Amino acid sequence: MSLVDINPLYSLAGLAVGILVGLTGVGGGSLMTPLLVLAFGFHPVTAVGTDLLYASATKTVGTAVHGYSGTVDWKVVRRLATGSVPATVATLMLLSYAGKRFEGTEHVITVMLGIALIATAIAMLFRRQILAYFAGGVDGLEGRTIARMTVVLGAVLGVLVSLSSVGAGAIGMTALLVLYPHLPVNRLVGSDIAHAVPLTLIAGAGHWVMGSVDFHLLASLLIGSVPGIVIGSMVSTRVSERVLRPILAGTLAIVGGKLIF
């Protein structure tokens, strides 16, 4: 691969998405995958597969930072991975089987992507209301019950991420805040990011084996997104999240509806 293979337009898209991720903390898959499908016309399977490896690279950097800062709860990460890893492998095997024997796999992935985007928008817009509704609901539950629910959450995220590359950000974080209300938010954020590394790496590797990863596109995106995340993180304190998040959530909901219908 040479510099000739790098597409500046895709790098610019990566820069824009990276800035938004740094500003809002929203998972890159919620932004990048629909952008690749709707704006650049990539096949949904290729967009999902490429974005998964893109996410694994960026999340690895984030995990290193949180790990160094001690803001990762590895017990939570293990519980999530216990559910997500087998669910991811099973979903990829089913996807590979269906892709070889049935038509319409592309439509299924497109619809799942739309559903995941709308769910992400709801989690972004109504996180406070969701947390308030479940406030105190988990306090009376035993530790084993919380552990099992975390494993189930991991399994759900494994299926969602494998099919759409979306779900491990706003959706997963909202669920973790419900299950672990007494843990510091920064530890939950770090745990969510750390769990996303094996999840996206395994799912991305599976899509690679199925031939649905564009490495030229991947390199172009990473060149733009890495500095974009740095820029977004640096200026995040100067931008009102109350304004940016509703606009972003509304955009995701509209895009999700367009993908479904």
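A word on the overall build of the protein. The number of helices and strands found in the protein is 11 helices and zero strands. For the protein, whose C-alpha radius of gyration is 18 Å, the value lies close to the compact-globule estimate of 18 Å for 261 residues. Its C-alpha atoms put the protein at 55 × 50 × 35 Å along the principal axes. Residues classed as buried in the protein amount to 51% of the 261 residues present. Sequence separation of 24 or more characterises 83% of the internal contacts of the protein that already satisfy a separation of 6 or more. Put simply, the protein shows about 12,600 Å² of open surface, and 69% of that area lies on carbon and sulfur atoms. Taking the average location of the 15 positive side-chain charges in the protein and that of its 10 negative ones, the two points are 9 Å from each other.

For the pair helix 3 (residues 44-69) and helix 9 (residues 185-209), the least separation of the axes is 7 Å and the interaxial angle reads 140°. The interaxial crossing formed by helix 3 with helix 9 has left-handed handedness. Of the residues assigned to the contact of helix 3 with helix 9, the class counts are 13 nonpolar, 11 polar and one charged.

Turning next to helix 3. Over its 26 residues, helix 3 runs 36 Å from end to end, which matches the ideal 38 Å to within 8%, given 1.5 Å per residue. Phi turns positive one or two residues past the end of helix 3, at glycine 70, with a value near 75°.

Let us now look at the packing of aromatic side chains. Enumeration according to the criterion identifies four aromatic pairs in this entry. When the ring of tyrosine 133 is compared with that of phenylalanine 134, the centres are 5.1 Å apart and the planes differ by 85°; the resulting orientation is edge-to-face. Here tyrosine 133 falls in the exposed class, since its relative accessible area comes to 69%. What links up through ring pairs into an aromatic cluster is the set Tyr10, Phe40 and Phe42.

Quick look at helix 9 now. Residues lying three or four places apart along an α-helix face the same way, a consequence of the helix completing one turn every 3.6 residues. For helix 9, built from 25 residues, the straight-helix expectation of 36 Å at 1.5 Å per residue is met to within 8% by its first-to-last C-alpha distance of 36 Å. Considering bend angle alone, the principal kink of helix 9 is centred on alanine 196 and spans about 25°; proline proline 198 follows within four residues of it. A positive backbone phi angle near 80° is found at glycine 211, which sits one or two residues after helix 9.

Let's shift gears to the pattern of salt bridges. Following the criterion strictly, the structure yields one salt bridge and no others. In this structure, the salt-bridge partner of aspartate 73 is arginine 187, at a minimum N-O distance of 3.8 Å. Note that aspartate 73 is positioned in the loop between helix 3 and helix 4 (74-101) and arginine 187 in helix 9, a separation of 114 residues in sequence.

Let us now look at a nonpolar patch on the surface. Side chains of Ile122, Leu125 and Phe126 sit close together on the surface and give an oily, nonpolar patch of about 260 Å² of accessible area. Take phenylalanine 126: it is sitting in the loop between helix 5 (105-125) and helix 6 (127-134).

With that settled, consider the packing of helix 5 against helix 6. Remark: helix 5 packs on helix 6, axes separated minimally by 4 Å, with the N-to-C direction vectors making an angle of 75°. Here helix 6 runs roughly perpendicular to helix 5, going by the angle between their axes. Between helix 5 and helix 6, the residues in contact are Ile122, Ala123, Met124 and Leu125 and Arg127, Gln129 and Ile130, respectively.

Time to look at unusual backbone geometry. We note that serine 165 has phi near 65°; this positive angle belongs to a residue other than glycine. Along the polypeptide, serine 165 turns up in the loop between helix 7 (143-164) and helix 8 (170-179). Residue serine 165 is classed as buried on the basis of its relative accessible area, which comes to 11%.

Moving on, we come to the nonpolar core. Formed by 30 residues in total, the largest nonpolar core has its most connected members in Leu36, Leu117 and Leu221. What leucine 221 contacts, discounting residues up to four positions off in sequence, is Tyr10, Gly14, Met32, Leu36 and Tyr54.

Before going further, it helps to examine the confidence of the model for the protein. In the predicted model, the protein carries a mean pLDDT of 85, and the fraction of residues at 70 or more is 92%. Mean pLDDT values over the elements of the protein span from 81, in helix 11 (residues 241-260), up to 93, in helix 7.

Definitions and limits used
- Residues numbered from 1 in each chain as written.
- Predicted model: local features only at pLDDT ≥ 70, side-chain atom pairs only at ≥ 80, totals over all residues.
- Heavy atoms only, no water.
- Helix = DSSP H or I, 4+ residues; strand = E, 2+ residues; numbered from the N terminus.
- Rg over C-alpha atoms; globule rule 2.2 N^0.38 Å.
- Buried < 20%, exposed > 50% of the residue type's maximum accessible area, 1.4 Å probe, protein only.
- Contact = heavy atoms within 4.5 Å.
- Areas by Shrake-Rupley, 256 points an atom, 1.4 Å probe, with all protein chains shown as cover.
- Lys, Arg positive; Asp, Glu negative; His and termini not counted.
- Charge placed at Lys NZ, Arg CZ, Asp CG, Glu CD.
- Axes fitted to C-alpha atoms, helices over the stretch in contact; angles between N-to-C directions.
- Left-handed = near helix turned anticlockwise from the far one by under 90°.
- Nonpolar A, V, L, I, M, F, W, Y, C, P; charged D, E, K, R; others polar.
- Expected span 1.5 Å × (residues − 1).
- Phe/Tyr/Trp six-rings, centres within 6.5 Å; stacked < 30°, edge-to-face > 60°.
- Bend = angle between axes of the 7 residues up to and from the residue.
- Salt bridge = Lys/Arg side-chain N within 4 Å of Asp/Glu carboxyl O.
- Patch = residues over 30% accessible without salt bridge, like charges linked within 9 Å, V, L, I, M, F, W, Y side chains within 5 Å.
- Parallel < 35°, antiparallel > 145°, perpendicular 65-115°, else oblique.
- Core = buried A, V, L, I, M, F, W, Y, C linked by side-chain atoms within 4.5 Å.
- pLDDT = per-residue confidence, 0-100.

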